[in-house]
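One-letter residues, chain by chain:
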Amino acid sequence: MAAFSLAERRWQQTVTLPQGFSQPLNLVVDRLGRIWFTMFMTNALGMYDPGLKVFKQWSLKTRDAGPWDLAIDSQGHIWFTEHYVNKIGSFDPTTWEMGREVATPASDSHPYGLAIDAHDTVWFTENNDAVALIACYHPNTQEGLREYRIRSRGASMSGVTPHSIRVASDGKIWWTEGWASALGVLDPMLAVAGTNQGVKEYFYPGMGATHTSGLAMGTRGEVYFTDSLRETVGVRTPDGHFAFLKLAPNAHPHDGVLLIGGETLCVLEEFANRLELLAVPLSITHP
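These numbers come from a predicted model, not from an experiment.

Visitor: Please clarify how the sheet that holds strand 21 (residues 232–236) should be interpreted in this entry.
Guide: Strand pairs in the sheet, formed through backbone hydrogen bonds, run parallel or antiparallel to each other. What the four strands build is an open sheet, ordered 19-20-21-22; its pairing is antiparallel. Pairing within the sheet leaves two strands with one partner each, and these edge strands are strand 19 (212–217) and strand 22 (242–246). This sheet shows a mean twist of 25° between the axes of neighbouring strands, independent of strand direction. For strand 21 and strand 22, the ladder comprises five bridges, and the chain directions are antiparallel. When the bridges of strand 22 are listed, arginine 236 appears paired with phenylalanine 242.

Visitor: Just checking my understanding: could you explain the packing of aromatic side chains for this structure?
Guide: Each aromatic ring pair is summarised here by two numbers: the centre-to-centre distance and the angle between the ring planes. Applying the stated criterion across every chain yields a total of 19 aromatic pairs. Centroid distance tryptophan 79 to tyrosine 137: 6.0 Å. Interplanar angle 55°. Geometry classified as tilted. With tryptophan 79 in strand 8 (residues 78–82) and tyrosine 137 in strand 13 (residues 133–137), the pair connects residues that are 58 residues apart, well separated along the chain. You'll find tryptophan 79 and tyrosine 137 in the same group, each marked buried. When the ring of phenylalanine 225 is compared with that of phenylalanine 244, the centres are 5.9 Å apart and the planes differ by 85°; the resulting orientation is edge-to-face. With phenylalanine 225 in strand 20 (residues 223–227) and phenylalanine 244 in strand 22, the pair connects residues that are 19 residues apart, well separated along the chain. With respect to burial, phenylalanine 225 and phenylalanine 244 carry one shared label: buried. A connected cluster of aromatic rings, assembled from ring pairs, spans Phe21, Phe37, Tyr48 and Phe55. Looking at lysine 56, its charged tip hangs above the ring of tryptophan 96, at a distance of 4.5 Å from the centre. When the ring centre of tyrosine 202 is taken as reference, the NZ or CZ atom of arginine 236 above it lies at 3.7 Å.

Visitor: What's the story with the environment of isoleucine 78 in this structure? I'm lost.
Guide: Note that isoleucine 78 resides in strand 8. Of the residues examined, isoleucine 78 reaches a relative accessible area of 0% and is grouped as buried. Sequence spacing of isoleucine 78 and threonine 176 is 98 residues, and the spatial spacing of their C-alpha atoms is 23 Å. With residues near it in sequence (within four places) discarded, isoleucine 78 still touches Trp36, Leu45, Leu70, Ala71, Ile72, Gly89, Ser90, Phe91 and Pro93.

Visitor: Mind showing me how you'd approach the side chain of threonine 62 here?
Guide: On the secondary structure map, threonine 62 appears in the loop between strand 6 (54–59) and strand 7 (67–72). Here lysine 87 takes part through its side chain, which lies 2.9 Å from a polar atom of the side chain of threonine 62. In this structure, threonine 62 is in contact with Asn43, Glu82, Val85, Lys87 and Glu101, ignoring residues within four places of it in sequence.

Visitor: Mind showing me how you'd approach the sheet that holds strand 17 (residues 182–186) here?
Guide: The antiparallel open sheet is built from four strands, whose spatial order is 15-16-17-18. Every interior strand has two partners, whereas the edge strands, strand 15 (165–167) and strand 18 (199–203), have only one. Put simply, the sheet's adjacent strands are angled 20° from each other on average, direction ignored. The sheet contact formed by strand 15 and strand 16 (residues 173–176) spans three bridges and is antiparallel. Pairing of valine 167 across the sheet is with isoleucine 173, part of strand 16.

Visitor: What's the story with the pairing of strand 13 in this structure? I'm lost.
Guide: Look at any regular strand and the pattern is simple: side chains alternate between the two faces of the sheet. Burial runs high along strand 13: five of the five residues are buried. Where strand 12 (residues 122–126) and strand 13 come together, five bridges link them in antiparallel fashion. Note that in strand 13 the partner of tryptophan 123 across the bridge is cysteine 136. Connecting the antiparallel pair strand 12 and strand 13 is a turn made up of six residues, with alanine 132 showing a positive phi of about 50°. The sheet contact formed by strand 13 and strand 14 (residues 145–149) spans five bridges and is antiparallel. Directly across from cysteine 136, in strand 14, lies its bridge partner arginine 146.

Visitor: Sorry, what's going on with the pattern of salt bridges here?
Guide: Here the idea is simple: oppositely charged side chains can pair when their charged atoms come close. Applying the stated rule across the entire model yields seven salt bridges. Across the pair aspartate 30 and arginine 34 runs a salt bridge whose closest N-O atoms are separated by 2.7 Å. Residue aspartate 30 is classed as buried on the basis of its relative accessible area, which comes to 12%. On the basis of relative accessibility, which here comes to 13%, the residue arginine 34 falls in the buried class. The salt bridge partner of arginine 151 is glutamate 201, with a shortest N-O separation of 2.9 Å. Of this pair, arginine 151 sits in the loop between strand 14 and strand 15 while glutamate 201 sits in strand 18, placing them 50 residues apart in sequence.

Definitions and limits used
Residues numbered from 1 in each chain as written. Predicted model: local features only at pLDDT ≥ 70, side-chain atom pairs only at ≥ 80, totals over all residues. Heavy atoms only, no water. Pairing = 2+ DSSP bridges. Helix = DSSP H or I, 4+ residues; strand = E, 2+ residues; numbered from the N terminus. Axes fitted to C-alpha atoms, helices over the stretch in contact; angles between N-to-C directions. Phe/Tyr/Trp six-rings, centres within 6.5 Å; stacked < 30°, edge-to-face > 60°. Buried < 20%, exposed > 50% of the residue type's maximum accessible area, 1.4 Å probe, protein only. Lys NZ or Arg CZ within 6 Å of the ring centre and 35° of its normal. Contact = heavy atoms within 4.5 Å. Polar contact = N/O pair within 3.5 Å; in protein donor to acceptor, adjacent residues only side chain to side chain. Salt bridge = Lys/Arg side-chain N within 4 Å of Asp/Glu carboxyl O.

Everything listed here is a matter of coordinates, which is why it stays silent on function.
Below is the structure:
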């Protein structure tokens, strides 16, 4: 893992994981400054405390679960998707123990992205286009797991593989749609479980193969996303227009995109081994 200073525009520190740890996939930072990360190759949740310079890890309850994305709720609990076993799981840092696991009805849902809203509702994407649902679970209610369709029953879902998911400042839920060249959004106030009521899709112009994955919410109502195959960063503006910024060849921006301070968009270029820093609003052109 490495730390980058936005103020100084330089890499400050690189931390080597101890023996027995594997490649970190996604990470979040808690209120104490501890870094939590998933390790799908070894089926574990990891933590690094920069102050104490201590690493710890915990195996998941289910073998070969494939922990993927993660987020922290208001109580400090860590929630994560279990991509290979069609579940979400949780961890309690106060007891240092794995908590509950919640399975999806489908045995091939492949949970991927995860986000938590202001009510501690856990939202996640079901990534397989044979399933292609948006799901939510609230641990403090009796409602259980609810799932929402992206399209109406009978509509083709080919290529609709929802990836990253985020909660906008107005409470709406946004996600990227993988191979469908689209963003999706759900209004929880209009949503009805088992239907696509309250869902909208916004398609952008396809120019060859596309793969929409990373997602970040802007502070002015804009939605930023990455298209790894087109090697671009895109934005949907509040007035509904799409525009794109072309990155360097072989960049392959995937899930790693983050807006910091409403002014800097940080984009990880997976194949180029590079962090791209982009000032927003982006200098972009309409296709």
